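Structural features, examined
Residues per chain are reported as follows:
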Amino acid sequence: MTSIESVTLEVADLTAADRFYTALGLGTQVRLRASEAPTNGFRGFSLSLTVAQPADVNAFVGAALDAGATTLKPASKSFWGYGGVVRAPDGTILKLASSEKKDTGPATREIEQLVLLLGVADMAESRKFYVGQGLVVAKSYGRKYVEFAAGRGPLKLALYGRRALAKDVGVPADGTGSHRLVLGGGAGAFTDPDGYAWEAVATPAAAA
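The text that follows walks through the structure, step by step, so that each part is easy to find. (Residues numbered from 1 in each chain as written. Predicted model: local features only at pLDDT ≥ 70, side-chain atom pairs only at ≥ 80, totals over all residues. Heavy atoms only, no water.)

**A short note on the environment of Ala 52**
Turning to its location among the elements, Ala 52 is positioned in the loop between strand 4 (45–50) and helix 2 (54–66). Assessed through its relative accessible area of 36%, Ala 52 is described here as partly exposed. Ignoring sequence-local partners within four residues, the contact set of Ala 52 consists of Ser 98, Glu 100 and Glu 112. (Helix = DSSP H or I, 4+ residues; strand = E, 2+ residues; numbered from the N terminus. Buried < 20%, exposed > 50% of the residue type's maximum accessible area, 1.4 Å probe, protein only. Contact = heavy atoms within 4.5 Å.)

In structure tokens, the structure reads:
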């Protein structure tokens, strides 16, 4: 089974980006690479960090803002739980969320799940493409959302309609230029229908 093994963000300032993602405890989950590739507007993706309770969301939001992030959506309750959205100094959008609306203990900085959401133009086409690359669908809600089975780590890959994703994170859907994102997996190097680039990386099983 193919799965996403790594996420590499292409950033203009490696030092600032490393400081930010280390502050959020993502120094091992998110790789960084220097790039000056032109990009403008919504880059088409977001990183979603799921945590146990609202206090954890607030802890992560506070750490992100202290490390230079800006607020896109303040943390608040909703019908599905509690969460907020920030933009990292390099432009990456992060959603911090919990399905719980009440705290059950002291705040922690533990991440339960890390999901890379790719905004796509045609859900059926993108789903078919990724299944053809060896990824296995774990959850599917028609043309709205598709989530693929994860590998051994906490990182998951999911597809969302581009405009729906932009609305969810609070930004206009328009954007041009580079995604400034490279995904890694065992299926080799390829580019998907929406221009997201993959590169070959050794999976844990292959490296063993």
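**Examining the nonpolar core**
Ranked by size, the top nonpolar core spans 42 residues in total, and within it Leu 94, Leu 116, Leu 118, Tyr 130 and Leu 157 carry the most contacts. The element that contributes the greatest number of residues to this core is helix 2, accounting for 5 residues. Formed by 12 residues, the second largest nonpolar core is a distinct cluster that contains Phe 42, Val 85, Val 115 and Tyr 145. (Core = buried A, V, L, I, M, F, W, Y, C linked by side-chain atoms within 4.5 Å.)

**Brief notes about the packing of aromatic side chains**
Applying the stated rule across the entire model yields 9 aromatic pairs. Seen in terms of ring centroids, Phe 20 and Tyr 21 are 4.9 Å apart; in terms of plane orientation they differ by 90°. Their pairing is edge-to-face. Exposure remark for Tyr 21: the relative accessible area of 2% places this residue in the buried category. Here a set of aromatic residues connected by ring pairs shows up, and it is made of Phe 129, Tyr 130, Phe 148, Phe 190 and Trp 198. Over the ring of Phe 60 we find Arg 109, and its NZ or CZ is 4.9 Å from the ring centre. (Phe/Tyr/Trp six-rings, centres within 6.5 Å; stacked < 30°, edge-to-face > 60°. Lys NZ or Arg CZ within 6 Å of the ring centre and 35° of its normal.)

**Remarks on the pairing of strand 10 (residues 145–148)**
Neither face of strand 10 is left uncovered, since the one carrying Tyr 145 and Glu 147 and the one carrying Val 146 and Phe 148 both have all their residues buried. Where strand 9 (residues 137–141) and strand 10 come together, 4 bridges link them in antiparallel fashion. Across the sheet, the residue bridging to Tyr 141 is Tyr 145, located in strand 10. (Pairing = 2+ DSSP bridges.)

**Here we look at the sheet that holds strand 11 (residues 155–161)**
Here 8 strands make up an open sheet; going across it, the order is 5-6-7-4-8-11-10-9 and the pairing mixed. Both outer strands of the open sheet, strand 5 (70–78) and strand 9, are each paired with one neighbouring strand and no more. Direction aside, the axes of adjacent strands within the sheet are offset by 20° on average. Its contacts with the sheet put helix 3 (residues 123–132) on strand 8 (113–120), strand 9, strand 10 and strand 11, and the angle it makes with strand 11 is roughly 150°. (Axes fitted to C-alpha atoms, helices over the stretch in contact; angles between N-to-C directions.)

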